[in-house]
Structure formats: structure tokens, C-alpha cells
Amino acid sequence: MYPRIVVDSVKLSQNASCIFNRCKKAGIKVFSVTKSFCAHPDVTEIILKSGIEGVADSRIQNLKKLKDFNVEKCLLRLPMMSEIEEVVKYSDISLNSEKATLKALNEEAKKQNKIHQVILMVDLGDLREGILPKDVDEYVDFIESLDAVLLQGLGVNLTCYGAVIPTAENLGELCDLANQIESKLNRPLKWISGGNSSSYYLLDKGLMPSKINQLRIGESIVLGRETAYGEKIEGTHEDVFTFEAQIVELKIKGSLPKGEIGMDAFGQVPSYEDRGEIKRAILAVGQQDVDAKSLRPIDEKIDILGSSSDHMILDVTQSDHDYQVGDVVQFKVEYGSLLSLFTSEYIEKVIKNL
Ligand SMILES: *Cc1c(COP(=O)(O)O)cnc(C)c1O
């Protein structure tokens, strides 16, 4: 069935092994971030075969899908007050920055007879989640006063909102704060969590502070790319995933709509380029499934003209291939398209070379 997203299990497994081994050499444990593929269990299993021992996801529903996997599970997004019960039930560790939430986790963990582990997040400039460095002592004291919540680590997230790049300096600051906590508590913290795929490049540059012992890696595994500078990672594949959709109409038509122009399907007033008569293909996939702008046709002579909820329109005039109704057009995906294609229940998920 089409439309579908095809996962090359061999390439994915090579990506996971490459990242895992590189991090292992630096004494870093990888938590494989599964949110870009909605923690699809078969895809997760391929990654875990590389030896990666932990999974992390921003949504508790995704970790729930992985409840039968015997690996450590970490919730990445700060827990909502309305999901505390599930958080304690389906994740071993969560990232936190709020006392009210920590208190609720503590109460719930007691109820479930569990110790819930916590990584305290510090904001080192990206201005998304995390406490300010000056408040570290206060938060550490607070968490230590809870008996069913265990402070297991300190973490930072960068390059997400503020696009701040991880460096030896800002990650060094995280390590200094961790040292400060460790001497205060008189015990080592298990995890010094140095960020996401944007921290990976520091390994190859030899700039990763040695105290960092965990990274939460999504994009580098699935798309073979570090995200500080967007460079390809040697030894990985960028084309683990291929998106395929089928042509339902193919006709020569003009390139300018005829008639008075109002709003398109999404309330925008569109503008059009006059290319004269062109060969237009309509694919049976739409904006409900994926943003056409984050797809790249593998046939580079195809142009994506636009899409409405359920139709994507291509200009195939320049292509060397004589497309017909029923033909399948393939695309490379980016992070955004991967995320939405896996989220759409109308997209078939196919795993190749299992
Ligand atoms: C999404 C996310 C990650 C993984 O990011 P990638 O860039 O895909 O590696 C890590 N940490 C947190 C807190 C996240 O939300």
C-alpha cells in the first residue's frame, strides 16, 4: 500500500553501531531518542541490537509502546502534571526542572512502590527547559529531601530553541556544576547528560569534556548527521528512510490557475510562477501527512509545486523518466518529514532487509 515510508534496517543498524561505538570509545553511553519515528517498536529494536542500552522519548505514550523492552527508558520532555502516574509507570528516568512536578513524582513513586530517577536540567543559554545555574543548590537540596525520587544526574539541552551550539565551555560549565553537586552530596552522579545530536561533533574534534558520560541521540542515528553544523557523520547513511507515494493523475496543464484567486486550502493567498504548459503529476498524499517542503524528490528533475490536505502536485516536465499514472515517486526525508510521516496513521510503515 502507498503512501509508505520504507526503513532500510541494514543502514539503520550501521548508523546505530557507528554512533554507539564512537561514543563508547569516549566513555559515553547513548540514549537512543525514538521520537522521530514515534518509537515504532520494530525500528527501535533494530537500533537496540547495536548495543545501545537506553531509549529516550519526549512522549510517554511512545515509551509505553516500548514497555516490554528490557532497556532503561527516559522521558525527555518535562512531565505534565496530568501524566505523573504514567511517567512513573513507563519511564525509569525523567528530565525535570520544577519542584511541583518533582513533588508529584515523589508522591506517585511512593504509591507505585518505586524509586523514580531524575536528571535535573540546567539552562546554559538555549532558553528552553532547565533551571538557572544559580539555583542548582536549592534544587539539589529539594530533590534530596524527597525519598522516592533519586537525583541521578545533571543535563543540558542546546541547539533546540536558541540554536546555541554546544562547546567545551558551556558543557564544561555543566561539568563544573556536576562537580559542585557531587562534593555537596558526597556521591558521584550517574549521568552527566551533555545534550543531543548537536553535541556529537565535539567527539571528533576532541573537545568533549571527559566528565560528560551520556548523550541523548536521535537525528544522528536516523539521518546520519550531526546537528550543530549539519555535517554528515562518516560511516553513517543519510538515506535510511525513503518516502514513497503514488501518482493518481498525470496531465499536461497550464501552470497558472484560471479565474479569480482567493485563498488556498489553508487560508493563504498563493502566488504562482508561469512555466507555460507543464506535465503535472498528482500524488495521493497531502499536507495532513507531511509538509511538502520538507521532502526531497530522489529524481532531482522533479519540482514540488505544492500540496493541499490530501494531494501533492509535482512538475515532472523536466524529468528523464516518462511518469505514468500508478508510478511511485520516491523522496528523501528530513527530520520534520520523518516525524510527521511516522505520526500519520495513513502512511504505511515498511521495514526492508529485516
Ligand atoms: C529531541 C530531544 C533530544 C534528541 O535530539 P536529536 O537532535 O534528535 O538528537 C535530546 N534531548 C531532548 C531533551 C530532546 O527533546
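The numbering scheme is per chain: residues are counted from 1 as the chain's sequence reads. This being a predicted model, a pLDDT of at least 70 is required before a residue's local features are given, and a value of 80 or more before pairs of side-chain atoms are given or counted; all residues contribute to the totals for chains, interfaces and linings. The side-chain figures draw on all heavy atoms in the structure; neither hydrogens nor water molecules are used.

Enquirer: Explanation requested: the side chain of Ser-91 in the structure shown.
Expert: With respect to the element layout, Ser-91 can be found in the loop between α4 (84-90) and β5 (93-96). By relative accessible area, which is 4% here, Ser-91 ends up buried. Polar contacts, as used here, are pairs of N or O atoms within 3.5 Å; protein pairs need one atom able to donate a hydrogen and one able to accept it. Residues neighboring in sequence count only if both atoms are side-chain atoms. A distance of 2.6 Å separates the side chain of Ser-91 from the backbone oxygen of Val-87, its partner in a polar contact. Excluding residues within four positions of it along the chain, Ser-91 makes contact with Ile-60, Leu-63, Lys-73, Leu-75, Glu-86 and His-116. Strands here mean DSSP runs of E at least two residues long; helices mean DSSP runs of H or I at least four residues long; both are numbered from the N terminus. Residue exposure (1.4 Å probe, protein chains only): buried if accessible area is under 20% of the type maximum, exposed if over 50%, otherwise partly exposed. We call two residues in contact when some of their heavy atoms are within 4.5 Å.

Enquirer: How should I be thinking about a positive patch on the surface in this particular structure?
Expert: A cluster of basic side chains, namely Lys-64, Lys-67, Lys-89 and Lys-114, defines a positive patch on the protein surface. Looking at where Lys-114 falls in the secondary structure, it is placed in the loop between α5 (99-111) and β6 (116-121). Owing to a relative accessible area of 34%, Lys-114 belongs among the partly exposed residues under this scheme. For patch building, the residue pool is restricted to those with more than 30% relative accessible area and no salt bridge; the joining distance is 9 Å between like charges and 5 Å between nonpolar side chains (Val, Leu, Ile, Met, Phe, Trp, Tyr). We get accessible surface area from the Shrake-Rupley algorithm with a probe of 1.4 Å; when it comes to residues, only the shown protein chains can shield them. One side-chain nitrogen of Lys or Arg within 4 Å of one carboxyl oxygen of Asp or Glu is enough to make a salt bridge. In this tally, Asp and Glu contribute negative charge and Lys and Arg positive charge; neither His nor the terminal groups of the chain are included. Where a charge lies is defined by one atom per residue type, namely NZ (Lys), CZ (Arg), CG (Asp) and CD (Glu).

Enquirer: Is there a simple way to think about the packing of α5 against helix α6 (residues 136-144) in this case?
Expert: To characterise two packed helices, one gives the angle between the axes of the helices and the distance between these axes. Between N-to-C directions, angles span 0 to 180 degrees; the directions come from axes that are lines fitted to C-alpha atoms, helices contributing only their stretch in contact. α6 packs onto α5 with a crossing angle of 15° between their chain directions and a minimal axis gap of 10 Å. On the basis of their axis angle, the class for α5 and α6 is roughly parallel. The two elements α5 and α6 meet at a crossing, and its hand is right-handed. In this structure, α5 uses Lys-99, Leu-102 and Lys-103 to contact α6, whose residues at the interface are Glu-138, Tyr-139, Phe-142 and Ile-143. Of the residues in the contact of α5 with α6, the class split is four nonpolar, no polar and three charged. The cut-offs work like this: below 35 degrees is roughly parallel, past 145 is roughly antiparallel, 65 to 115 is roughly perpendicular, and the gaps in between are oblique. By the definition used in this description, the sense in which the near helix is turned from the far one sets the handedness, with an anticlockwise turn below a right angle giving left-handed and a clockwise turn giving right-handed. Throughout, the ten residues Ala, Val, Leu, Ile, Met, Phe, Trp, Tyr, Cys and Pro are labelled nonpolar, Asp, Glu, Lys and Arg are labelled charged, and all others, Gly among them, are labelled polar.

Enquirer: What is the right way to look at the packing of aromatic side chains in this model?
Expert: Centre distance and the angle of the planes are the two values used to describe a pair of aromatic rings. Two rings from Phe, Tyr or Trp (for Trp, the six-membered ring) form a pair when their centres sit within 6.5 Å of each other. Planes less than 30 degrees apart are called stacked, planes more than 60 degrees apart edge-to-face, and all others tilted. The tally for this structure, following the rule as stated, stands at five aromatic pairs. Where Phe-31 meets Trp-191, the ring centres are 5.5 Å apart and the plane angle is 85°; that geometry is what we call edge-to-face. Remark: Trp-191 occurs in strand β8 (residues 191-193) and Phe-31 occurs in strand β2 (residues 29-33); sequence separation between them is 160 residues. Its relative accessible area of 1% is what places Phe-31 among the buried residues. Taking the centre distance of 5.2 Å and the plane angle of 90° together, the rings of Tyr-201 and Tyr-229 count as edge-to-face. Taken together, the residues Tyr-201 in helix α8 (residues 201-204) and Tyr-229 in the loop between α9 (219-223) and β10 (241-253) connect sequence positions 28 residues apart. Its relative accessible area of 10% is what places Tyr-201 among the buried residues. Every member of this aromatic cluster is reached through a ring pair, and the members are Phe-37, Phe-241 and Phe-342.

Enquirer: What should I look at first to understand the layout of surface pockets in this one?
Expert: Empty space left among the atoms is revealed by rolling a probe the size of a water molecule over them. Approximately 780 Å³ is the volume found for the largest pocket. Those elements that place two or more of their residues in the lining of the largest pocket are β10, β11 (278-283) and β13 (303-307). Counting residues per element, the lining of the largest pocket draws most heavily on β13, at four residues. A per-class count over the lining of the largest pocket returns 13 nonpolar, eight polar and eight charged. Cavity: a set of points on a 1 Å grid over the protein atoms alone where a 1.4 Å probe fits but cannot get out. Pocket: an open set with protein on both sides within 12 Å along at least five of seven lines, its lining residues, like those of a cavity, having an atom within 4 Å of a point. Grid points are joined across faces, edges and corners, and a volume is the space filled by probe spheres set on the points. Each pocket or cavity is described by its volume, and for the second largest pocket that value is around 470 Å³. Forming the boundary of the second largest pocket are 22 residues, of which Lys-35, Arg-128, Asn-157, Cys-160 and Asn-196 lie nearest the centre.

Enquirer: How do you make sense of the site of the ligand when you look at a structure like this?
Expert: Surrounding the ligand, one finds 14 residues, the nearest of these being Lys-35, Ser-197, Arg-216, Gly-218 and Glu-219. Interatomic distance of 3.2 Å between a side-chain N/O atom of Arg-128 and an oxygen atom of the ligand. Across the complex, the protein chains shield 92% of the 390 Å² of accessible surface that the ligand would expose by itself. Each molecule is checked against the cavity or pocket grid, and it sits inside if more than half of its atoms lie within 2 Å of the grid points. Placement of the ligand is best described as lying within the second largest pocket. For the shell around the ligand, a count of residues per class yields five nonpolar, four polar and five charged. We call a residue near a molecule or strand when any one of its heavy atoms sits within 4 Å of it.

Enquirer: Sorry, what's going on with the pairing of β6 here?
Expert: Residues in a regular strand point their side chains to alternate faces of the sheet. Counting buried residues along β6, six of its six residues qualify, which places the element largely inside the surrounding structure. Burial of the side chains of β6 extends over both faces: His-116, Val-118 and Leu-120 are buried on one face and Gln-117, Ile-119 and Met-121 on the other. The pairing of β5 with β6 spans four bridges and is classified as parallel. Note on β6: the bridge partner recorded for Ser-94 is Val-118. When the strands point away from the viewer, a crossover counts as right-handed if the path from the first strand over the helix to the second runs clockwise. In the classification by handedness, the crossover that spans β5, the intervening α5 and the parallel β6 is right-handed. The parallel pair β6 and strand β7 (residues 149-155), bridged by α6, forms a crossover whose chirality is right-handed. Whether two strands pair comes down to DSSP finding at least two bridges between them.

Enquirer: How should the pairing of strand β1 (residues 4-8) be read in this particular structure?
Expert: The element β1 is extensively covered by neighbouring structure, given that four of its five residues are classed as buried. The pairing of β1 with strand β16 (residues 348-352) spans five bridges and is parallel. Looking across to β16, one finds that Val-6 is bridged to Val-350. Sheet topology places β1 next to β10; four bridges connect them, and they run antiparallel. Along β10, the bridge assignment pairs Arg-4 with Glu-244.

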